[in-house]
Amino acid sequence: MRTIIRAEHLVKNYGEFAAVKDISFEIREGECFGFLGPNGAGKTTTVRMIHCVSPITSGTILVNGLPADVDNRKIKAATGVIPQEMTLDTDLTVFENMMVFSKFFDIPRREARKRTDELIAFVELEAKRDNKISELSTGMKRRLLVARALLNKPALIIADEPTTGLDPQARHLIWQRLRLLKNQGTTLILTTQYMEEAQQLCDRLVVMYEGKILKEGSPRQLIDDEIGREVVEIRIEAAEDARLIADLGPLARGHERAGDTLFFYCRDGRAIQKKLVEMDLPNTVYRPATLEDVFLKLTGRSLVE
Ligand SMILES: Nc1ncnc2c1ncn2[C@@H]1O[C@H](COP(=O)(O)OP(=O)(O)OP(=O)(O)O)[C@@H](O)[C@H]1O
Ligand SMILES: [Mg+2]
């Protein structure tokens, strides 16, 4: 597959503070590429440099062969952005917000009206077409941001935490729409702190932390490489660790203590499961490994601030 975005040695400093610290990555045409990371990891800063609203401190980004920070107009014309912040005009209606935005792309009025009506339907906001933004719920606003990002028929869509703060229905609707766009050939860049979202949508992703990329791969590959197939969680006093590690350690590929829980990471969980039955431990959970385990293993299982 063709590389559509290539970032090399990308750095972003705000004064003395380094928000993005020399990262490199490649995004292929037609894939969904994720930036997964906790608050302050540098996700928004990175994608803002891709869509040319934040100057690059050093390094380069090529978008479709065009250098970001140089060919800004062309890059913006071919990119749709679902921003993290609610950048809607609250005094205007849903329809008016779309029409105002269409002017940035010089879309003729008649065409803009047609696309607006289609896109309002696409995100199921017909009933709110003539309501002001202040009358919409958070989920509705987010859906409108999705519709707005599509006005210029972009080949690349950047979705910056598109489902933060939404209920499950609204979240699934946005996932479905993003998947539909991807199936139509659109390249997607997604930032998220939700592991399930990354697992559902991303073909490949990077785990970002404190301005750096810690790991890169497909969700499955990251889980297999870092954790294995299954995880055993035993809620037990740390005083018992040595005994349990002696018993279960040889059957696991790694273990970790975090708070009240001892974790074992397994590649083939059957042997360990059998052992657990023999040991008859209370408060034990045996479950498939997830991206969340990868994330917590890489970034530490403690609260990040
Ligand atoms: N305009 C700015 N001026 C100074 N520092 C900034 C600015 N924008 C972001 N930062 C800092 O850069 C770091 C990365 O911020 P960024 O918004 O990229 O994080 P993020 O990964 O998107 O986090 P979140 O999940 O909270 O959206 C943070 O420490 C933030 O405080
Ligand atoms: Mg952000």
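Residues numbered from 1 in each chain as written. Chains lettered and ligands numbered in written order. Predicted model: local features only at pLDDT ≥ 70, side-chain atom pairs only at ≥ 80, totals over all residues.

Our next topic: the overall build of the protein chain. Across its full length, the protein chain carries eleven helices and 14 strands. Oriented by its inertia axes, the alpha-carbon framework of the protein chain measures out at about 70 × 45 × 35 Å. Here the protein chain, with 305 residues, has 37% of them falling under the buried criterion. Intrachain contacts of the protein chain at a sequence separation of at least 6 include 68% that bridge at least 24 residues. (Helix = DSSP H or I, 4+ residues; strand = E, 2+ residues; numbered from the N terminus. Buried ≥ 20, exposed ≤ 12 C-beta atoms within 10 Å, placed from the backbone. Contact = placed C-beta atoms within 7 Å.)

The domains assigned to the protein chain are domain 1 (3–218) and domain 2 (228–288). Spacing between the C-alpha centres of domain 1 and domain 2 amounts to 40 Å. (Domains from an automatic or database assignment.)

Attention now moves to the site of ligand 1. Around ligand 1 there are 13 residues in total, and Y14, A19, K43, T44 and T45 lie nearest to it. Among the secondary structure elements, those contributing two or more residues to the shell around ligand 1 are β2 (17–28) and α1 (43–50). If you tally residues by element for the shell around ligand 1, the top one is α1, at three residues. Residue classes in the shell around ligand 1 are distributed as four nonpolar, eight polar and one charged. (Near = placed C-beta within 6 Å. Nonpolar A, V, L, I, M, F, W, Y, C, P; charged D, E, K, R; others polar.)

Attention shifts here to the environment of T186. Its place among the elements puts T186 in the loop between α6 (168–183) and β8 (187–192). Of the residues examined, T186 has 19 C-beta atoms within 10 Å and is grouped as partly exposed. Separated by 154 residues in sequence, T186 and C32 have C-alpha atoms that sit 8.7 Å apart. Residues within four places of T186 in sequence aside, it is in contact with A155, I157 and L181.

A separate point is the sheet that holds β8. Spatial ordering of the open sheet is given by β6-β7-β8-β3-β9-β10, a layout of six strands whose pairing is mixed. Both outer strands of the open sheet, β6 (79–82) and β10 (212–217), are each paired with one neighbouring strand and no more. Between one strand axis and the next, the sheet turns through 15 degrees on average, direction left out of account. Relative to strand β7 (residues 156–160), β6 is paired through four bridges, and the arrangement is parallel. (Pairing = 2+ DSSP bridges. Axes fitted to C-alpha atoms, helices over the stretch in contact; angles between N-to-C directions.)

Attention now goes to the packing of helix α5 (residues 138–149) against α6. Any two packed helices are characterised by the angle at which their axes cross and by the distance between the axes. Their axes nearest at 10 Å, the elements α5 and α6 cross at an angle of 10 degrees. The angle between the axes of α5 and α6 places the two elements in the roughly parallel class. In this structure, α5 uses G139, R142, R143 and V146 to contact α6, whose residues at the interface are A170, L173, I174 and R177. In the contact of α5 with α6, the residues fall into four nonpolar, one polar and three charged. (Parallel < 35°, antiparallel > 145°, perpendicular 65-115°, else oblique.)

Next up on the list: the packing of helix α3 (residues 94–102) against α5. Direction vectors running N to C along α3 and α5 enclose 30 degrees, while the axes themselves pass 10 Å from each other. In terms of axis orientation, α3 runs roughly parallel to α5. Considering how the two elements wind past one another, α3 and α5 form a crossing that is right-handed. From α3, V94, N97, M98 and F101 reach across to α5, where they touch L144, A147 and R148. Classifying every residue of the contact of α3 with α5 by side-chain character gives five nonpolar, one polar and one charged. (Left-handed = near helix turned anticlockwise from the far one by under 90°.)

I50, I158 and I189 are the most contacted members of the largest nonpolar core, which has 75 residues in total. If you tally residues by element for this core, the top one is α5, at six residues. Summarising the domain contributions, this core has at least three residues from each of domain 1 (3–218) and domain 2 (228–288). Residues contacting I189, with those up to four places away along its chain left out, are I27, F33, V47, I50, I158 and A159. (Core = buried A, V, L, I, M, F, W, Y, C linked by C-beta atoms within 7 Å.)

Helix length check: α5 (twelve residues) gives 17 Å between terminal C-alpha atoms against 16 Å at 1.5 Å per residue, within 8%. Burial analysis of α5 places ten of its twelve residues in the buried class, which makes it a mostly covered element. Taken residue by residue, α5 has M140, K141, R142, R143, L144, L145, V146, A147, R148 and A149 as its buried positions. Tucked into the core, α5 has its buried residues touching β6, α3, α4 (109–122), β7 and α6. (Expected span 1.5 Å × (residues − 1).)

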